[in-house]
Amino acid sequence: MKNFFKLMSVALVVAMGAVMTSCSSSDGDSNPAVTNDPYVQNWQGKTAKYTIMFYGCGGGDVDSQLDGAIDYVKESLKVPHNQVRFVVMYSNSKDDSKLRDPQKPNEPVSLLYGKYGCTYRYELTPNIDSQSYHSRCYYKPASEVELYRVETIKEFINWAKQTAPAENYILMPVNHGGGFDLDEETPTRAIIYDDNHGEKGVSTKAFAQALAETGTHLKAIYWNGCLMGQLEVMTEMAPYCDYQFCSSHVARVNPRHVYAIVDAINSYPANFEDAIACQHGIMTSPTGNVNNADYNFVEEFQNVEDEKTKEIKNENCDFGCWRSAGIAAINAQVKRLVDLLVNNYGTSKDAIDNATKGVYLFGDLYVYADVLHYAQLVHSNLNTTETQSIFEDLAKAINAANVYHICGFHRTIQVGDVTYGQWPSYSGADYYSLGISIYSNNHPIWTKHHDVYQASTFDKVTGWSKFIVMNTPTVSPTTNPANDSGVDEYWMDDEQEGDE
């Protein structure tokens, strides 16, 4: 399993010596406790302003994404004139094996809410408690719920719209994210790697198909997972939602992602972009519109302990919100970039290869590169009026599509007396843009799955694969500046001055 979510030590997930129990056969839909809930009764005959649809799984080691967030969401729903309903379909991990303390491998870890190997489907209300959670919210054994299937997603969406009708819907897929990953299986898998089903994940195309076939247009999709800020992902989803929340780097488990959007909507129910701005403040400010424990999003990626080496290090990070309507303008500039690369690769191969070898990578296992940084490097290596125009117009399109973007610039490497900061810099302004895949034309993943990539909406509108089939350098932490990498990168020049 791709362990992109770095598991936090969450106080709400406690180690206990109790024997874990199995799923029972109760059905939350028919449970009187649900229909008699005063919160649910108060919504009868009414349409909420927003319904958030939380869909995913624990995936072996991140059950805390839901378990640690329920109490926070309950508090957020208690505010006067609440505008939000919150529905859930979530499969807990099949067991606690990846949650146990390595120093105490025989000590089980219990969940506050629910049991392992169970799927829960319900409306989350302020009246849910841990004692009645299983009997009230249990849906089916997780072994019987194939979250990755389009029909499962469709059934959940239809159930959610019937259970909690609203003017606007926000879908929050949650669990390990893999971006627009070609490796593993086809069609491309993006998020929700379910250990109850051999780590099978949900593809971006599956969400797109489910939304199309249910006739559902989202106000937003909130990718609560790593590496989902890739142009391939965002282009696939753009026709089905107005906004997309995502990170191009790895993400971290924290309940703030789940309840901050509820707080933001309730603060600005009439204007979603105002709510998004509020969400930005909540995510970054330690004293913002927060009803529970505070944290600063950027600071959370500093002084992180590596799970394997136990080394303390810093990580780069980002999280943002993008207007889907702006993706077409970004892709128009990517298409210009493609045409330039293809037309000049024969005569300027070395210069273009230098740009490829220097572009910033968002992680150390995937080929997701910063697209604006790449356009800048192409310009600096070719230095033509056309390359300058492409870089500048791409920057304008990205800025126009962006509602907010949090960027943390923490990762550095020390070589002798020189400290190298690992992030792109655009004319003195340091920030990350969006990811784009850069495979070499003989990369084993590309040679095996290139047809899947070429069937993507992104490739159809940009023709990006026309460059990949020509490209010979492989991007990797051994040649590129990359986040979360223990490799001593060859790209560093002793004469280059770095940033702290």
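Residues numbered from 1 in each chain as written. Predicted model: local features only at pLDDT ≥ 70, side-chain atom pairs only at ≥ 80, totals over all residues. Heavy atoms only, no water.

Peer 1: How should I be thinking about the overall build of the protein chain in this particular structure?
Peer 2: From N to C terminus, the protein chain includes 17 helices and 22 strands. Pairs at least 24 residues apart make up 74% of the contacts formed inside the protein chain by residues separated by at least 6 positions. On the protein chain, roughly 19,000 Å² of surface is accessible, and the fraction owed to carbon and sulfur atoms is 47%. (Helix = DSSP H or I, 4+ residues; strand = E, 2+ residues; numbered from the N terminus. Contact = heavy atoms within 4.5 Å. Areas by Shrake-Rupley, 256 points an atom, 1.4 Å probe, with all protein chains shown as cover.)

Peer 1: What is the right way to read helix α9 (residues 256-267) from this model?
Peer 2: Along an α-helix, residues three or four positions apart point the same way, because every turn accommodates 3.6 residues. With 12 residues, α9 ought to run about 16 Å at 1.5 Å a step, and its terminal C-alpha atoms sit 16 Å apart, in line with that. With respect to burial, α9 is a largely interior element, 11 of its 12 residues being buried. By the burial criterion, the buried members of α9 are Arg256, His257, Val258, Tyr259, Ala260, Ile261, Val262, Asp263, Ala264, Ile265 and Asn266. (Expected span 1.5 Å × (residues − 1). Buried < 20%, exposed > 50% of the residue type's maximum accessible area, 1.4 Å probe, protein only.)

Peer 1: What's the story with the environment of Lys357 in this structure? I'm lost.
Peer 2: Mapped onto the elements of the fold, Lys357 is located in helix α12 (residues 349-358). Sequence separation between Lys357 and Pro481 is 124 residues; the distance between their C-alpha atoms is 8.7 Å. The contact partners of Lys357, leaving out residues within four places of it in the chain, are Pro473, Thr479, Asn480 and Pro481.

Peer 1: I keep staring at the confidence of the model for the protein chain and nothing clicks. Help me out?
Peer 2: Keep in mind that low pLDDT regions are not for reading the predicted coordinates in detail. Chain-level statistics for the protein chain give a pLDDT mean of 88 and a share of 86% at 70 or above. A low-confidence stretch, residues 1-21 (pLDDT under 50), is modelled with 76 contacts involving residues beyond four sequence positions or located in other chains. (pLDDT = per-residue confidence, 0-100.)

Peer 1: Teacher, can you tell me more about the sheet that holds strand β2 (residues 48-57) here?
Peer 2: Backbone-to-backbone hydrogen bonds pair the strands of a sheet. The strands run either parallel or antiparallel. Spatially, nine strands are ordered β6-β5-β3-β2-β7-β11-β12-β15-β17 in an open sheet, and the strand pairing comes out mixed. The open sheet has two free edges, formed respectively by β6 (138-141) and β17 (402-408), since each of these has just one partner strand. Going from strand to strand, the sheet's axes swing by 10° on average, the running direction of each strand aside. (Pairing = 2+ DSSP bridges. Axes fitted to C-alpha atoms, helices over the stretch in contact; angles between N-to-C directions.)

Peer 1: I keep staring at the sheet that holds strand β10 (residues 200-202) and nothing clicks. Help me out?
Peer 2: Spatially, three strands are ordered β8-β9-β10 in an open sheet, and the strand pairing comes out antiparallel. Both edges of this open sheet fall to β8 (177-181) and β10, since each of them pairs with a single strand only. Between one strand axis and the next, the sheet turns through 40° on average, direction left out of account. Taken together, the two bridges between β8 and strand β9 (residues 189-194) define a ladder with antiparallel strand orientation.

Peer 1: Explain the pattern of salt bridges to me, please; I cannot follow it from the model alone.
Peer 2: Going through the model one piece at a time under the given rule, you end up with 18 salt bridges. With a shortest N-O distance of 2.7 Å, Glu155 and Arg121 are connected by a salt bridge. In this pair, Glu155 is assigned in helix α6 (residues 150-163) and Arg121 in strand β5 (residues 118-124), connecting sequence segments 34 residues apart. Look at Arg121 and you get buried, because its relative accessible area is 5%. The residue Glu236 makes a salt bridge to Lys205 at a minimum N-O spacing of 3.2 Å. You can see Glu236 sitting in helix α8 (residues 231-237) and its partner Lys205 sitting in helix α7 (residues 204-213), a full 31 residues away along the chain. Overall, Glu236 belongs to the buried group, its relative accessible area being 6%. Via salt bridges that share partners, Glu151, Lys154 and Glu213 belong to a single interconnected network. (Salt bridge = Lys/Arg side-chain N within 4 Å of Asp/Glu carboxyl O.)

Peer 1: Mind showing me how you'd approach the environment of Asn442 here?
Peer 2: You can see Asn442 is positioned in the loop between β22 (435-437) and α15 (444-454). Look at Asn442 and you get exposed, because its relative accessible area is 53%. Put simply, Asn442 and Pro473 are 31 residues apart on the chain and 9.3 Å apart in space, counted from C-alpha to C-alpha. At a separation of 3.0 Å, a polar atom in the side chain of Asn442 contacts the side chain of Ser440. (Polar contact = N/O pair within 3.5 Å; in protein donor to acceptor, adjacent residues only side chain to side chain.)

Peer 1: Can you walk me through the packing of helix α13 (residues 371-382) against helix α14 (residues 385-401) in this structure?
Peer 2: A pair of packed helices can be characterised by two numbers: the angle between their axes and the separation between those axes. Running from N to C, α13 and α14 cross one another at 165°; their axes reach a closest spacing of 8 Å. Comparing their axes, α14 and α13 come out roughly antiparallel. Crossing geometry of α13 relative to α14 is assigned as left-handed. Along the contact surface, α13 presents Val371, Leu372, Ala375, Gln376, Val378, His379 and Leu382, while α14 presents Thr387, Gln388, Phe391, Leu394, Ala395 and Ile398. Looking at the contact of α13 with α14 residue by residue, the class counts come to nine nonpolar, four polar and no charged. (Parallel < 35°, antiparallel > 145°, perpendicular 65-115°, else oblique. Left-handed = near helix turned anticlockwise from the far one by under 90°. Nonpolar A, V, L, I, M, F, W, Y, C, P; charged D, E, K, R; others polar.)

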